[in-house]
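Residue-level structure breakdown
Take a look at the letters that make up each chain.
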Amino acid sequence: MNKLAPIDLARMANVEHRKVTNGLSEAADALENIKEKELWRWLGCSSFSGYCKSIGRTYSWGYKLIRSGEVQKSIPESVLPNQAAALAMSKIPLPQRKQVIQSVMDSGEKLTAQSIKSAVPLPNRVQIKDGTGFPVPQEIAATWLRAKDASEEIAESISKVMKLLEKANENRDPLFAEIDYQADMAKLSMLRQDLKTIKPHAVCLDCNGLMRESCKVCNGRGFISQFFYEYKIPQNKKDIREG
Ligand SMILES: [Zn+2]
């Protein structure tokens, strides 16, 4: 039911019509008003569908545009550039939208239908998080787990050698007479420390694990070690990642 006087409705019709034809940012709201308040009557059309036709569009376009507006309202801090991006975003559950936008931003890409789609975590899989709380993309999940296993195996192997030397030293085992116990233990400890760089800590802040093949920072792994994260990554990048 329209409670406004006819003259006001006619004025409103023209204002909203201008918004629709001006650009997409305000278009969705304007179009919704034209549909819901039946302002198309004041623009010489016989239906909403007729109005869409009068501006060279279809009813389906109008419906999708209104839907895009609703999606845009759900993420007011970001601007969706077009309907395709809004459509891609509409398929993402509300609580995950901010995370997907952050993921796209972190990758240095613009918000597009494609970048939104590629940042969506695949359903029905366990979401691994890295040491900064950032989700590990499915694209690198297998490599991440392999690196984690490898680093654990290597650390265990070195610890095993260290325990053998410790025991030999305690027992004053003559087999080990020629070794420099203190120096060798220090070397092994250093080696264990060095090889910790195999252990994945953070999804690469440059490629986000999504363009890792050509990434010079993570060397194609899609992630970096804790050492690299702490000492080689500029603070401003870490601030963005850690929010
Ligand atoms: Zn990288």
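Residues numbered from 1 in each chain as written. Predicted model: local features only at pLDDT ≥ 70, side-chain atom pairs only at ≥ 80, totals over all residues.

1. Topic: the overall build of the protein
Summing up its helical and strand segments, the protein has 11 helices and two strands in all. When the elements of the protein are put in sequence order from the N terminus, they spell out α-α-α-α-α-α-α-α-α-β-β-α-α. Since a compact globule built from 243 residues should have a radius of gyration of about 18 Å, the 29 Å found for the protein marks it as more spread out than a globular shape. Overall, the C-alpha framework of the protein stretches about 105 × 35 × 35 Å when taken along its three principal axes. Counting only residues that meet the buried cut, the protein has 25% of its 243 residues in that class. Long-range pairs, those at least 24 residues apart, make up 50% of the contacts in the protein between residues at least 6 apart in sequence. (Helix = DSSP H or I, 4+ residues; strand = E, 2+ residues; numbered from the N terminus. Rg over C-alpha atoms; globule rule 2.2 N^0.38 Å. Buried ≥ 20, exposed ≤ 12 C-beta atoms within 10 Å, placed from the backbone. Contact = placed C-beta atoms within 7 Å.)

2. Here's the deal with helix α8 (residues 138-170)
If you check α8, its first and last C-alpha atoms are 48 Å apart, about what 33 residues at 1.5 Å a residue would give, namely 48 Å. Close packing links the buried residues of α8 with β2 (223-224). Looking one or two residues beyond α8, the residue adopting positive phi is R172, at roughly 50°. (Expected span 1.5 Å × (residues − 1).)

3. Some words on the domain arrangement of the protein
One widely used convention gives an interface's size as the accessible area the parts lose upon coming together. Domains assigned within the protein are domain 1 (1-74), domain 2 (76-120) and domain 3 (138-242). Domain 2 and domain 3 are separated by 34 Å when their C-alpha centres are compared. Across the side of domain 2 that touches domain 3, the residue classes tally to no nonpolar, three polar and one charged. (Domains from an automatic or database assignment. Nonpolar A, V, L, I, M, F, W, Y, C, P; charged D, E, K, R; others polar.)

4. Some remarks on the packing of helix α4 (residues 59-74) against helix α5 (residues 83-90)
Contact pair α4 / α5: the axes reach a minimum separation of 9 Å and the direction vectors enclose 60°. One way to sum up the angle between α4 and α5 is to call them oblique. Like other packed secondary-structure pairs, α4 and α5 cross with a definite hand, here left-handed. Where α4 abuts α5, its residues K64, L65, R67, S68, V71 and Q72 lie against Q83, A86, M89 and S90. Taken together, the residues of the contact of α4 with α5 sort by class into four nonpolar, four polar and two charged. (Axes fitted to C-alpha atoms, helices over the stretch in contact; angles between N-to-C directions. Parallel < 35°, antiparallel > 145°, perpendicular 65-115°, else oblique. Left-handed = near helix turned anticlockwise from the far one by under 90°.)

5. Brief notes about the nonpolar core
Ranked by size, the top nonpolar core spans 15 residues in total, and within it W144, A202, V203, C204, C218, F223 and I224 carry the most contacts. Elements supplying a minimum of two residues to this core: α8, β1 (202-203) and β2. Sort the elements by how many residues they give to this core and α8 lands first, with three residues. Excluding residues within four positions of it along the chain, C204 makes contact with G209, R212, C215, V217, C218, G222, F223 and I224. Counting 14 residues, the second-largest nonpolar core is a separate cluster that includes V71, V100, V104 and I116. (Core = buried A, V, L, I, M, F, W, Y, C linked by C-beta atoms within 7 Å.)

6. Focus on unusual backbone geometry
The phi angle at R172 is positive, at roughly 50°, despite the residue not being glycine. With respect to the helices and strands, R172 occurs in the loop between α8 and α9 (181-194). Looking at R172, the number of C-beta atoms within 10 Å reads 8, which means it is exposed. At N219, a position not held by glycine, the phi torsion is positive, near 55°. With respect to the helices and strands, N219 occurs in the loop between β1 and β2.

7. What to know about the environment of N219
You can call N219 exposed: it has 10 C-beta atoms within 10 Å. As a C-alpha pair, N219 and N82 span 137 residues in sequence and 35 Å in three-dimensional space.

8. Some words on the packing of α8 against α9
Helix-helix packing is described using two parameters, namely the angle between the two axes and the distance between the axes. The geometry of α8 relative to α9 is characterised by a closest axis approach of 10 Å and an angle of 165° between their N-to-C directions. Judged by the inter-axis angle, α8 sits roughly antiparallel to α9. Between α8 and α9 lies a crossing whose hand is left-handed. Within the contact between the two elements, α8 uses A155, I158, V161, M162, L165 and N169 and α9 uses Y181, D184, M185, L188, L191 and R192. In terms of residue class, the contact of α8 with α9 is built from nine nonpolar, one polar and two charged.

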